[in-house]
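Residue strings, one per chain:
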Amino acid sequence: MEASEKVAPGAFRLPQVPRWRSLLRSFALAKDPLPVLDATLAHFGDTVELYIGGVEKSILTREPGLIQHILQKNHRNYAKSKFTRGFSRYIGHGLLTNDGPDWLRQRRLIQPGFHRQRVAGLTGLMQEIAAETLAPLVARARQQGGATAVEVHELMTRLTFRIIARSVFSTNFPEAELDRLARLITEIQAFFVRSIRQPYLKPWFRLKGQFTYHDALAAEMRALLSRLIAQRQHDNARPQAPPPDDLLQMLLDVRYEETGEPMSPERVLDEALILLVAGHETSANALTWLTYLLAHHPDEAAAIRTEAEAVLAGRPPAFEDLPRLGRALWAVQETMRSYPPAWMVDRVALADDEYQGLRIPKGTLFSLYFHGLHHDAKYWDAPEAFRPGRFAPGQARPVQPNAYVPFGGGPRLCIGMQFALTEMQLVTLELLRRFELEWVAGQAPVTMQPLITLRPKHDFRVRLRLR
Ligand code: HEM
């Protein structure tokens, strides 16, 4: 809302996208949402009322003040919507899908497991997995005369899944089970998104046994994790060696303050599963877009490399080096501005509320449109340009924290933020230490596919040339 529009409480009315227009656009919205949403906001203003799919009334906003109000200032009045909660049918009630006092209790318990020092302890593992994953590509490039092309999204998904799986479960995760689990998560997620985007297909899904089938996949996923957790508990009961310092052990070791009790096995499973689900696709997408951007901006890749060579002189980076390797981090941050993996977040009002004259009745559904905010020219110079330097200290127009929310905000800020930033900075440095990135000519234009996270619609190839 513009300042001139601030009026007495209850008096302000939002621009409304007529229902017929929402309906007309619902097909285009399902097919390619971002241009439709951007055009709607450009036409009506930063906050509008519309009907999702022509059916569900919702407020779409890219206004930083309103986003802050919902995520931070009055966060107690806003819960995750039924869409997010519906996901818990398949992935359980971990931090991401939980709400209210139970969520707060779990968050307090798990938060220390993600402190800086804890993440620092995982840096070696992240690096080891990055090296392991890139080594076959180095060998392949040698065989192919110095360069090899890779499917980038596939590579980054494999890499980040291995990083999070081994950060949670250390080494007792057999390779075949790791692959199976990754496939189960992907398949379940794809089905869940379809059932939300195309609710009218539900009777058809039911008829074809799709719900039963995906429930069975979810059960298989839980059984697989349950076996790994039981194995760890068994090992812990008869220790041959100190337990691994991983996130599973953290979940098993923490105790509720009030009771001194550990989490129930079911809870441990829910939280471990949430970390696997929330902790890989987002980072995979960010790294995929980063590779895409760096392949198109060799000058930026060269600047990162020059800084890394000056700081590290050829050795691999350690956690303590990262603050002196800012250029890789700025590129990561700028990528998440352009392509925020969590492109939209939803909330529902639990009771009547009011924001700068806007009456918000109980039950109002909000779509917080981070992608729109990250491209709003009111807060960003040349928002469509890739300029990592805007995140460098001492800029004439520094980044406004309220206008940059890739990890959300308020008490539900991403718990894995430090983990993800460290992981992405390290992977970028490891990739550029070994390879020049070249765009493979003749590919179809790369377009975005906003599902739960923002991924490329089709995978694309980048040529890795040995340095
Ligand atoms: C580029 C990487 C990542 C991005 C952009 C990202 C983004 C986000 C965002 C926006 C939220 C808040 C959602 C909301 O308010 O509705 C969130 C929550 C969450 N993220 Fe991340 N995330 C990333 C990586 C990770 C990683 C690596 C982990 C785990 C190690 C993780 C675990 C979680 C969990 C458990 C929550 C729920 C927190 C809560 O509600 O208490 N994320 N993430």
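Residues numbered from 1 in each chain as written. Predicted model: local features only at pLDDT ≥ 70, side-chain atom pairs only at ≥ 80, totals over all residues. Heavy atoms only, no water.

For the chain, an unreviewed UniProt entry supplies the name Cytochrome P450 and the organism Hymenobacter ruricola.

## Structural notes on the side chain of N285
Note on placement: N285 falls in helix α13 (residues 281-296). Given the relative accessible area of 0%, N285 is considered buried. In this structure the side chain of N285 is engaged in a polar contact, spanning 3.4 Å, whose partner is the backbone oxygen of L454. Excluding residues that lie within four positions of it along the chain, N285 makes contacts with H153, T453, L454 and R455. (Helix = DSSP H or I, 4+ residues; strand = E, 2+ residues; numbered from the N terminus. Buried < 20%, exposed > 50% of the residue type's maximum accessible area, 1.4 Å probe, protein only. Polar contact = N/O pair within 3.5 Å; in protein donor to acceptor, adjacent residues only side chain to side chain. Contact = heavy atoms within 4.5 Å.)

## A few points about the site of the ligand
In the region of the ligand, 27 residues are neighbours, and W103, R107, R347, R412 and C414 sit closest. Between the ligand and K80 there is a distance of 2.9 Å, counted from an oxygen atom to a side-chain nitrogen or oxygen. Take W103: an N or O atom from its side chain is 2.7 Å from an oxygen atom of the ligand. Secondary structure elements with two or more residues in the shell around the ligand: α5 (100-110), α12 (265-278), α13, β5 (344-349) and α17 (417-434). Of all the elements, α17 adds the most residues to the shell around the ligand, at 3 residues. Partitioning the shell around the ligand into residue classes produces 18 nonpolar, 5 polar and 4 charged. (Near = heavy atom within 4 Å. Nonpolar A, V, L, I, M, F, W, Y, C, P; charged D, E, K, R; others polar.)

## Structural notes on helix α14 (residues 298-312)
Taking 1.5 Å of rise per residue, the 15 residues of α14 would be expected to cover 21 Å, and the 20 Å separating its terminal C-alpha atoms lies within 8% of that figure. In this fold, the buried residues of α14 make contact with α13, α15 (326-338), α17 and β9 (435-439). Where α14 terminates, the next one or two residues include A313, which has phi positive at roughly 45°. (Expected span 1.5 Å × (residues − 1).)

## Concerning the pattern of salt bridges
Evaluation of the coordinates by the stated rule reveals 31 salt bridges. Among the ionic pairs, D99 bridges to R412, the shortest N-O distance being 2.9 Å. Remark: R412 occurs in the loop between α16 (370-374) and α17 and D99 occurs in the loop between α4 (82-91) and α5; sequence separation between them is 313 residues. On the basis of relative accessibility, which here comes to 21%, the residue D99 falls in the partly exposed class. Note that E436 and R467 form a salt bridge whose closest N and O atoms lie 3.8 Å from each other. (Salt bridge = Lys/Arg side-chain N within 4 Å of Asp/Glu carboxyl O.)

## Focus: α4
Listed as buried for α4 are T84, F87, S88, Y90 and I91. Viewed end-on, α4 has its buried residues packed into an arc of 155°, placing them on one side of the element. Those residues of α4 that are buried are in contact with α8 (175-197), α10 (210-237), α12 and β5. Phi for G92, located one or two positions after α4, is positive at around 80°. (Arc of directions from axis to C-beta.)

## Structural notes on the packing of α4 against α10
The geometry of α4 relative to α10 is characterised by a closest axis approach of 8 Å and an angle of 65° between their N-to-C directions. Contacts from R89, Y90 and I91 of α4 reach α10 at F211, H214, D215, A218, M221 and R222. Among the residues forming the contact of α4 with α10, the class breakdown is 5 nonpolar, 1 polar and 3 charged. (Axes fitted to C-alpha atoms, helices over the stretch in contact; angles between N-to-C directions.)

## Observations regarding the packing of aromatic side chains
The final tally for this structure, using the stated rule, is 16 aromatic pairs. Consider the rings of Y78 and F366, whose centres lie 5.9 Å apart with planes at 75°: the pair is edge-to-face. A residue pair is termed long-range when its members are at least 10 positions apart, and Y78 in strand β3 (residues 78-79) and F366 in strand β8 (residues 365-369) qualify at 288 residues. Pairing W439 with F460 gives two aromatic rings, centres 5.5 Å apart and planes at 45°, and the pair type is tilted. Of this pair, W439 sits in strand β9 while F460 sits in the loop between β11 (454-456) and β12 (461-466), placing them 21 residues apart in sequence. For F460, a relative accessible area of 2% corresponds to the buried category. Through pairs of rings, three or more aromatic residues link up here, namely F87, Y90, F191, F192, F205 and F211. Directly above the aromatic system of Y256 lies the positively charged group of R105, at a separation of 3.8 Å from the ring centroid. The ring of W380 is capped by R337, whose NZ or CZ atom sits 5.2 Å from the centre of that ring. (Phe/Tyr/Trp six-rings, centres within 6.5 Å; stacked < 30°, edge-to-face > 60°. Lys NZ or Arg CZ within 6 Å of the ring centre and 35° of its normal.)

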